[in-house]
Amino acid sequence: MKKVLVGVVASDKMNKTRRVEVTRLFSHPRYGKIVSRRTVCHVHDENNESKEGDTVEIIESRPLSRLKRWELVKIVKEAVDPLAELHEAQDEAAEAKAASDEAQA
């Protein structure tokens, strides 16, 4: 059975390849402290669907290149662009100003 993991896209600079970081928690064998580590997987994204910050589900596959051993299954959650709301508000304000200028003229 193939492994299925969920991780976050750390880099989308390559064509059809994504660098996905899968974080895992485990108890330290000696000290018992909960430790967080990450595993980096290079994932094949045929249609360049995902972007940086997206949470994605990946599945194990045959070796596709020197580093790629995983394929993208689906995008679980899309990344939130913090500036998107700001740009929308600025566009609405500009449209309102243009409409008021036309009404006065």
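A quick note: this is a predicted structure, and the numbers were derived from the prediction, not measured. (Residues numbered from 1 in each chain as written. Predicted model: local features only at pLDDT ≥ 70, side-chain atom pairs only at ≥ 80, totals over all residues. Heavy atoms only, no water.)

Caption draft 1: Spotlight on the sheet that holds strand 3 (residues 34-44). Spatially, 1-2-3-5-4 is the arrangement adopted by the 5 strands of the closed barrel, whose pairing is mixed. For this sheet, the mean inter-axis angle between neighbouring strands, taken without regard to orientation, is 50 degrees. Across 5 bridges, the pairing between strand 1 (residues 4-11) and strand 4 (residues 55-60) is antiparallel. Each residue of the ladder has a partner; that of Leu5, found in strand 4, is Ile58. (Pairing = 2+ DSSP bridges. Helix = DSSP H or I, 4+ residues; strand = E, 2+ residues; numbered from the N terminus. Axes fitted to C-alpha atoms, helices over the stretch in contact; angles between N-to-C directions.)

Caption draft 2: Main features of the pattern of salt bridges. Summed over the entire model, instances satisfying the criterion amount to 6 salt bridges. Between Glu21 and Arg38 there is a salt bridge, and its shortest N-O distance comes to 3.7 Å. On the criterion of sequence distance, the pair formed by Glu21 in strand 2 (residues 17-27) and Arg38 in strand 3 is long-range, its members being 17 residues apart. Overall, the relative accessible area of 54% leaves Arg38 in the exposed class. We note a salt bridge from Lys51 to Glu78, for which the minimum N-O separation is 3.7 Å. Note that Lys51 is positioned in the loop between strand 3 and strand 4 and Glu78 in the loop between strand 5 (68-77) and helix 1 (84-104), a separation of 27 residues in sequence. Shared partners join several salt bridges into a network, and the residues in it are Arg19, Glu21 and Arg38. (Salt bridge = Lys/Arg side-chain N within 4 Å of Asp/Glu carboxyl O. Buried < 20%, exposed > 50% of the residue type's maximum accessible area, 1.4 Å probe, protein only.)

Caption draft 3: Structural detail: the pairing of strand 3. As paired elements, strand 2 and strand 3 share 11 bridges and run antiparallel to each other. Counterpart to Arg19 in the pairing with strand 3 is His42. By the bridge criterion, 3 bridges tie strand 3 to strand 5 in an arrangement that is parallel. In the sheet register, His42 faces strand 5, and the bridge partner there is Lys68.

Caption draft 4: Representation of the confidence of the model for the protein. Residues at a pLDDT of 70 or more form 99% of the protein, whose mean pLDDT is 92. Helix 1 is the least confidently modelled element of the protein, averaging 82 in pLDDT, while strand 4 averages 98, the highest of any element. (pLDDT = per-residue confidence, 0-100.)

Caption draft 5: The environment of Ala10, seen in detail. Along the chain, the position of Ala10 falls in strand 1. With residues up to four places along the chain from it excluded, the contact list for Ala10 reads Arg19, Val20, Glu21 and Glu52. (Contact = heavy atoms within 4.5 Å.)

Caption draft 6: The environment of Arg66, seen in detail. Mapping Arg66 onto the fold places it in the loop between strand 4 and strand 5. For Arg66, a relative accessible area of 72% puts it in the exposed group. Put simply, Arg66 and His42 are 24 residues apart on the chain and 9.7 Å apart in space, counted from C-alpha to C-alpha.

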